[in-house]
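A closer look at the structure
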Amino acid sequence: MTNNKIFPAFLWMAIALLGAAALGGIALNRGESINALWFVTAALCVYAIAYRFYAAWIAASVLIIDPTRATPAERLNNGHDYMPTNRWIVFGHHFAAIAGPGPLVGPTLAAQFGYLPGTLWILIGAVLGGCVQDMVTLFFSMRRNGKSLGQMARDELGAIGGIAALIATLLIMIILIAVLGLVVVNAMKHSPWATSTVAATIPIAMLVGLYMRNIRPGRVLEGSLLGIILLLLAVAGGGWIDHQPGLRELFDHPGLPLAWAVIGYGFAAAILPVWLLLAPRDYLSTYMKLGTVILLALAIVWMQPHVKMPALTQFVDGSGPIFGGKLFPFVFITIACGAISGFHALIASGTTPKLLSNERDIRMIGYGGMALESFVAIMAMVAATVLDPGVFFAINSPAGMVGKEAADAVAKISSWGFPITVEQMSLLAQQMGEATLFARTGGAPSLAVGMASIFGSAFGQGMLSMWYHFAIMFEAIFILTTLDAGTRVGRFMLQDMLGNIWPKLGETSWYPSVLLTSGMVVAAWGYFLYIGVIDPNGGINILWPLFGISNQILAAIALCVATGILVKSGKLKHAWITGLPLTWLTLITSTAVWEKLTSNDVRVGFFAAANDLAAKLATGILPPEKAAVAPTLILNQRLDAVLAIFFVCLLWLIVLDMLRICVRHLNNKPVPPLSEIPHEVTRLEEAWQRD
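Note that this is a predicted model, so its numbers are computed, not measured. (Residues numbered from 1 in each chain as written. Predicted model: local features only at pLDDT ≥ 70, side-chain atom pairs only at ≥ 80, totals over all residues. Heavy atoms only, no water.)

Turning our eyes to something else, we now look at the overall build of the chain. In terms of helices and strands, the chain carries 28 helices and 2 strands. The globule rule puts the C-alpha radius of gyration for 691 residues at 26 Å, and the 24 Å found for the chain is close to it. Over its C-alpha atoms, taken along the principal directions, the chain stretches across nearly 70 × 65 × 55 Å. When burial is assessed residue by residue, the chain has 59% of its 691 residues classed as buried. Within the chain, counting contacts between residues at least 6 apart in sequence, those at least 24 apart form 82% of the total. Summed over its atoms, the accessible surface of the chain is roughly 26,000 Å², and 68% of this surface lies on carbon and sulfur atoms. Side-chain charges of the chain comprise 41 positive and 37 negative groups, with the mean position of each set lying 7 Å from the other. (Helix = DSSP H or I, 4+ residues; strand = E, 2+ residues; numbered from the N terminus. Rg over C-alpha atoms; globule rule 2.2 N^0.38 Å. Buried < 20%, exposed > 50% of the residue type's maximum accessible area, 1.4 Å probe, protein only. Contact = heavy atoms within 4.5 Å. Areas by Shrake-Rupley, 256 points an atom, 1.4 Å probe, with all protein chains shown as cover. Lys, Arg positive; Asp, Glu negative; His and termini not counted. Charge placed at Lys NZ, Arg CZ, Asp CG, Glu CD.)

Next up, the structure:
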């Protein structure tokens, strides 16, 4: 072995040993606390090894990526949808689109079980499942002129599986967007500072869009600096507003008015030109997301805070206050996007494959982009678990579980073995610039408190309230970027479907169709947002399990399509790379749906909760405010049950249809032909070399 090969071999061996030691420390530690630096170390080592070896092997031996092949961006370049773009710009766009609230909120909620289960699943699920799904979906879409997941399902699996995939994708998108809105609403509820800061991000994005398009065309750096400065000023300005009695009242609202505002924003984002709001928000959010994650990682390395949450809590039996359900399968359902996300398949088969100029970049964008999102999830887990467990549960437990009065809540939480006092929570709320932090469900507020604590320790405790609201803005940008992009994608999908009935409705540029389909999509997710907001238990208990189930089902659908293509391409021996995560997702989603349908625990079963509430309503034992919304909650628990059944039936239909196609292919029977576009040699490399 030459010296050139010996050094890399020793380097990767050292990284593997360091990663193994870090994972061992996390998994085997049973002391009072563990240093958060081990989490960062384990994550970076796992991602580096997986990217260098597993992703490289898939790219070279399974997908057989061809750098000499012309991409859709080159062949179909129209300067609008298809356009060869610098790979770093594409990476930023792709990461901004996929990185929604899931990797922030899911790990935070899953910390209810302790730090260990969620951390292990985030790492293992990402490198073997999520990153693989994103990369293979991006590859297969590029080889098919950037076709969407639904279109690929229809072409490769036939009419039955394709139609089922189209319907499932649109309906699941509705649930995903509703939960995004709920997380934002819960973060802003009765918080003038947070509400004013989040509200300011909208005109800031529009101003940056106008600046870079009309005022100073082509001055990207100027526009970027302007946007970042204004975002930071918005955080500081929110603090000033919070201390002005007259202005404070303008931004101090309960959940329902904020929900209507988010619904109105979603509709506006879907109908406004992309350059005016969507593009500049995506662009600014990329800087904010990457910068904050890097800053958080550096602060953890510098301060080395200790994780205070135990490795496992007593709530692994399903008795947790934040959401009901046992460790299996609900830790996987709750983590969702931090390990594998079906939403990514929509982006990897949407805009991204239309922008890549060379297939060699698929590994970096697809596998690397998801690895970075998984790292965000690790950061969220650390930020949640460095809090005192009592504080964590006081923030995330709904009033319906622990009591409306602060004294009742602290007594209940302390009885679980996580001591907390009213004075401690009052001081913390004061430090964070909030009136109260009790029952701030949804995950976002507790994550912001954790991030503020880490930033405060590293950069100054005197600015805790500023760090807290900076973190809220950071989370809101994550969420609203995905909300407005998801609404627009949902509108495109609905236009495609309605275009089969009336072709005019399928024209994305026909404004009456834009208004009609945008209104239908927003009304659909707005309804689920409404029922989450009026839920006395905070809405997360109703919607997050359905969000997790539907998100993982969408990922399974994407893996179904990929597995079918691999088998039809003569790569049966390699089909396990998508087949194994597909099998696991099918198992956990089917189990989760079964428990949500059959469990007698009112905090788990949809029907059990609906029947229990109906019985209490009939006997008149509900307080007036809860009785007023009870009929709506009963209806929606049953609606959630119906949707869960429908989603899992569609999944099994697609899985069985994929297996049918594979068996027919292996038996040399007719199947839908591969829809891959013929090879065409790229000319971009020659042009760039000439230039």
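Okay, the confidence of the model for the chain next. Taken over all residues, the pLDDT of the chain has a mean of 86, while the share at 70 or more is 94%. Low pLDDT (under 50) marks residues 686–691, which in the prediction has 1 contact with non-local residues, meaning those over four places away or in another chain. (pLDDT = per-residue confidence, 0-100.)

This part takes up the pattern of salt bridges. In a structure, side chains of opposite charge can pair up when their charged atoms sit close to one another. Enumeration over the complete set of coordinates arrives at 13 salt bridges. The residue Asp 155 makes a salt bridge to Lys 147 at a minimum N-O spacing of 2.6 Å. Asp 155 gets classed as partly exposed once you look at its relative accessible area, which sits at 26%. Classification of Lys 147 by relative accessible area gives partly exposed; the value is 27%. (Salt bridge = Lys/Arg side-chain N within 4 Å of Asp/Glu carboxyl O.)

Looking at helix H20 (residues 422–431), one finds that the buried residues are Met 425, Leu 428 and Ala 429. An end-on view of H20 places all buried positions within 100° of arc, on one side of the element. In H20, the exposed positions that point more than 90 degrees away from the buried face belong to Glu 423 and Gln 430. Where H20 is buried, its residues touch helix H17 (389–396) and helix H21 (444–459). The positive-phi residue at the C-terminal boundary of H20 is Gly 433, with phi of around 75°. (Arc of directions from axis to C-beta.)

What follows is about unusual backbone geometry. Negative phi characterises most residues that are not glycine, and trans characterises most peptide bonds. In this chain, Phe 328 is followed by Pro 329 through a cis amide linkage whose omega measures 10°. With respect to the helices and strands, Pro 329 occurs in helix H14 (residues 327–335). Here the phi dihedral of Ile 64 falls at roughly 55°; this positive angle occurs in a residue that is not glycine. Take Ile 64: it is sitting in the loop between helix H2 (37–62) and helix H3 (72–75). Located in the positive-phi region is His 190, a residue other than glycine, with phi close to 55°.

Let's shift gears to the packing of helix H8 (residues 159–188) against helix H12 (residues 255–271). Between H8 and H12, the least distance of the axes is 9 Å, while the angle of their chain directions is 135°. Classified by the angle between their axes, H8 and H12 sit oblique to one another. When the axes of H8 and H12 are compared, the crossing they make is right-handed. On the side of H8, the interface is formed by Gly 181, Val 184, Val 185 and Met 188, while H12 contributes Gly 255, Leu 258, Ala 259 and Val 262. (Axes fitted to C-alpha atoms, helices over the stretch in contact; angles between N-to-C directions. Parallel < 35°, antiparallel > 145°, perpendicular 65-115°, else oblique. Left-handed = near helix turned anticlockwise from the far one by under 90°.)

Inspection of every chain in the model, using the stated rule, returns 23 aromatic pairs. Relative to Phe 418, the ring of Phe 315 has its centre 6.4 Å away and its plane inclined at 50°; by these criteria the two rings are tilted. You can see Phe 315 sitting in the loop between strand E2 (306–307) and H14 and its partner Phe 418 sitting in the loop between helix H19 (406–415) and H20, a full 103 residues away along the chain. For the ring pair Phe 332 and Trp 584, a centre distance of 5.2 Å and an interplane angle of 90° mean the geometry is edge-to-face. With a gap of 252 residues between them, Phe 332 in helix H14 and Trp 584 in helix H25 (residues 576–598) connect regions that are remote in the sequence. Among the residues examined, Trp 584 registers a relative accessible area of 31% and is labelled partly exposed. In textbook terms, an aromatic cluster arises when at least three aromatic residues are bridged by ring pairs, as seen for Phe 315, Phe 392, Phe 393, Trp 416 and Phe 418. Above the plane of the ring of Phe 53 lies Arg 52, whose end atom (NZ or CZ) is 4.8 Å from the centre. (Phe/Tyr/Trp six-rings, centres within 6.5 Å; stacked < 30°, edge-to-face > 60°. Lys NZ or Arg CZ within 6 Å of the ring centre and 35° of its normal.)

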